[in-house]
2 protein chains.
Amino acid sequence: MRQNPARRAALVDAAIEVLAREGARGLTFRAVDSEAKVPNGTASNYFTNRDDLLTQAGARVYERWQPDASAFAEVVEGPRDRAHLTALMREMVGRLTDFPAGYLALIELRLEATRRPELRAVLTRRIRADLDANIGFHLESGMPGDATTVVLLYMALNWLILERLTLPDIFPGSQVDDLVADAVERILTPDAPVREA
Amino acid sequence: MRQNPARRAALVDAAIEVLAREGARGLTFRAVDSEAKVPNGTASNYFTNRDDLLTQAGARVYERWQPDASAFAEVVEGPRDRAHLTALMREMVGRLTDFPAGYLALIELRLEATRRPELRAVLTRRIRADLDANIGFHLESGMPGDATTVVLLYMALNWLILERLTLPDIFPGSQVDDLVADAVERILTPDAPVREA
DNA sequence: ACCGTAGTACTACATCCAGAGTGGTGTCAA
DNA sequence: TTGACACCACTCTGGATGTAGTACTACGGT
């Protein structure tokens, strides 16, 4: 088992690309080798089996999605109103969409999880934790909306991203910002402070 | 090219199962043969190539999702209020979820569409038409809500189904009906919403 | 400065398996 | 009898795996 961390990271990133491009079934050691531009047989030396590679790839996608400092500051410092929430959601949709290979790889992993209980357990824990963190942070920060708001936004916007990445012509790109605004506006309605008489 | 329609249909249905279970990459003629319990080489005689099989499988899923007569009558005859819309949406979510192989196969096809422009075109047309039909029918029938309502419900509920089918422990099954009700309640704004900039 | 060692990069091989396509034969019904 | 189909068998091909073996590099000890 080789240890070189730079090479290992390169292989994991390559695995994400392969997952997105070739599908879960196409994720072979050889394909990862080619993608990472290292000689055949290298990935075999770094990962004990496919499951190992799959779970590490999934974890890496989340790492690479961490908001950077400026985006994080915007959340903490911005006002607690609907318009700002819309802006945040747009930022999030943009951030996820801007790493399409990562998003598609995660969808592939979901489908693969259908067949591999262990992977399913790992993914479930990861995604549930992420969702709970979002809910917790949302409530704590005093943003408008309750836990249900966060869950419904999670559902709607995730599908929006999936739609954009797989069948981009269903919703034209120009419509995305409006859809996010609509989603926030409506899903927030019961708690919304606004509506003047 | 063999013509026997019963056999052809059996092969297409088998292809859906294979797609869901093994993924797009696992959809081989041989795998379809095994799934349909016919001798090796049979699928080769019925489909010219994989694309042929893929597109036919996609079309077949939609056929099998057509609401039956009783469900359709319920839509036409029921009242035009929020509670009834909730019931309809629950019925729809249940109907799609009850054919998990079909749903997962469509997701596989979406991912495969990423790689095959022709398949992408076919799927886009099909799904866009379906969505437009839903919108048209919704408006025509006098249901509460506008086109945006339909689109947002489409997004949120689709993700809900995907979540249930791939990582069922994220949302417990007992919560699904509540989530649908929440989605309808919030997305269906009672009054005309005020769009923010 | 020299050498030995450890870790890694790279190559090459032996093996294995699954899929494709197709030719040929058997079967049934019009 | 003929034609369409079911079934079986065979070959060819490609890709994947894992590992043995060699080469390279860095580093520590003397």
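Residues numbered from 1 in each chain as written. Chains lettered and ligands numbered in written order. Predicted model: local features only at pLDDT ≥ 70, side-chain atom pairs only at ≥ 80, totals over all residues. Heavy atoms only, no water.

As recorded by an unreviewed UniProt entry, chain A carries the name TetR family transcriptional regulator and is attributed to Microtetraspora glauca.

How do you make sense of the overall build of chain A when you look at a structure like this?
Per the secondary structure count, chain A includes 10 helices and zero strands. N-terminal to C-terminal, the α/β element order of chain A is α-α-α-α-α-α-α-α-α-α. By its C-alpha atoms, chain A is 70 × 35 × 30 Å across when sized along the principal axes. Within the span of chain A, comprising 197 residues, buried residues form 50% of the whole. Taking as baseline every contact in chain A between residues at least 6 positions apart, the subset at least 24 positions apart corresponds to 66%. Summed over its atoms, the accessible surface of chain A is roughly 8800 Å², and 52% of this surface lies on carbon and sulfur atoms. For chain A, the distance from the average position of its 24 positive side-chain charges to the average position of its 29 negative side-chain charges is 8 Å. (Helix = DSSP H or I, 4+ residues; strand = E, 2+ residues; numbered from the N terminus. Buried < 20%, exposed > 50% of the residue type's maximum accessible area, 1.4 Å probe, protein only. Contact = heavy atoms within 4.5 Å. Areas by Shrake-Rupley, 256 points an atom, 1.4 Å probe, with all protein chains shown as cover. Lys, Arg positive; Asp, Glu negative; His and termini not counted. Charge placed at Lys NZ, Arg CZ, Asp CG, Glu CD.)

Would you mind showing me how to read the relation of the copies chain A and chain B here?
Each of the two chain copies can be generated from the other by rotation about an axis followed by a shift along it. Expressed as a screw operation, the relation of chain A to chain B combines 0.0 Å of axial shift with a rotation of 180°, fitting to an RMSD of 0.1 Å. Seen this way, the second copy is the image of the first under a two-fold rotation axis. Among all C-alpha atoms of chain A, that of alanine 156 of chain A lies closest to the rotation axis, at 2.0 Å. (Least-squares fit on C-alpha atoms with pLDDT ≥ 70 in both.)

In this structure, what is going on with the protein's contact with DNA strand C? I would like to understand it.
The immediate surroundings of DNA strand C are formed by Arg2, Gln3, Asn4, Arg7, Pro39, Asn40 and Tyr46 of chain A together with Thr28, Phe29 and Arg30 of chain B. Separating a phosphate oxygen of DNA strand C from a backbone N or O atom of phenylalanine 29 of chain B is a distance of 3.1 Å. A distance of 2.7 Å separates a base oxygen of DNA strand C from a polar atom in the side chain of arginine 30 of chain B. When its residues are assigned to classes, the surface near DNA strand C shows three nonpolar, four polar and three charged. (Near = heavy atom within 4 Å. Polar contact = N/O pair within 3.5 Å; in protein donor to acceptor, adjacent residues only side chain to side chain. Nonpolar A, V, L, I, M, F, W, Y, C, P; charged D, E, K, R; others polar.)

I would appreciate a short explanation of the pattern of salt bridges in the present structure.
Should their charged atoms come close, side chains of opposite charge can pair. All told, the structure shown has 32 salt bridges over all chains when counted by the stated rule. Measuring nitrogen to oxygen at the nearest pair gives 2.4 Å for the salt bridge that ties arginine 116 of chain A to aspartate 51 of chain A. One end of the pair, arginine 116 of chain A, is in the loop between helix 7 (100-113) and helix 8 (117-140); the other, aspartate 51 of chain A, is in helix 4 (residues 50-65), with 65 residues separating them in the sequence. The partly exposed category is assigned to arginine 116 of chain A, whose relative accessible area is 22%. Two residues, aspartate 177 of chain A and arginine 90 of chain A, come together in a salt bridge whose shortest N-O distance is 3.8 Å. Taken together, the residues span a long stretch of sequence, with aspartate 177 of chain A in helix 10 (residues 173-187) and arginine 90 of chain A in helix 6 (residues 82-97) at a distance of 87 residues. The structure contains a network of salt bridges with shared partners spanning Arg50, Asp51, Glu112, Arg115 and Arg116 of chain A together with Glu108 of chain B. (Salt bridge = Lys/Arg side-chain N within 4 Å of Asp/Glu carboxyl O.)

For this particular structure, what's the right way to read the protein's contact with DNA strand D?
Taken together, the neighbourhood of DNA strand D is formed by Thr28, Phe29, Arg30, Ser44 and Asn45 of chain A together with Arg2, Gln3, Asn4, Arg7, Pro39, Asn40 and Tyr46 of chain B. A distance of 2.8 Å is found between a phosphate oxygen of DNA strand D and a side-chain nitrogen or oxygen belonging to tyrosine 46 of chain B. Counting residues per element, the ones that place at least two in the surface near DNA strand D are helix 2 (29-36) and helix 3 (42-46) of chain A. Counted by class, the surface near DNA strand D contains three nonpolar, six polar and three charged residues.

Where do I start with the domain arrangement of chain A in this structure?
Residue and element names in this part refer to chain A. Taken domain by domain, chain A comprises domain 1 (5-60) and domain 2 (66-187). Measuring from the centre of the C-alpha atoms in domain 1 to the corresponding centre in domain 2 gives 26 Å. Contact with domain 1, which involves 11 residues of that partner, is made by 13 residues of domain 2. Linking domain 1 with domain 2 are two salt bridges. Across the pair glutamate 112 and arginine 50 runs a salt bridge whose closest N-O atoms are separated by 3.9 Å. Between the two partners, domain 1 and domain 2, sit two residue pairs in polar contact (both at pLDDT 80 or more). (Domains from an automatic or database assignment.)

Explain the interface of chain A and chain B here, please?
Interface size is commonly expressed as the accessible area that is lost once the parts come together. At the junction of the two partners, chain A supplies 53 residues and chain B supplies 52 residues. Between chain A and chain B, a total of about 4900 Å² is buried, with carbon and sulfur atoms accounting for 63% of that surface. Interface area lost by chain A to chain B is led by Arg110, Trp159 and Arg186 of chain A, which between them contribute 17%. The tally of links between chain A and chain B comes to eight salt bridges. Residues arginine 115 of chain B and glutamate 108 of chain A are paired through a salt bridge, measuring 2.8 Å at the closest nitrogen-oxygen approach. Applying the counting rule to chain A against chain B returns 18 residue pairs in polar contact (both at pLDDT 80 or more). The set of elements that each furnish at least two residues to the side of chain A that touches chain B consists of helix 1 (5-22), helix 6, helix 7, helix 8, helix 9 (147-166) and helix 10 of chain A. Counting residues per element, the side of chain A that touches chain B draws most heavily on helix 9 of chain A, at 14 residues. Looking at the side of chain A that touches chain B residue by residue, the class counts come to 27 nonpolar, nine polar and 17 charged. (Buried area = accessible area lost by both parts, 1.4 Å probe.)

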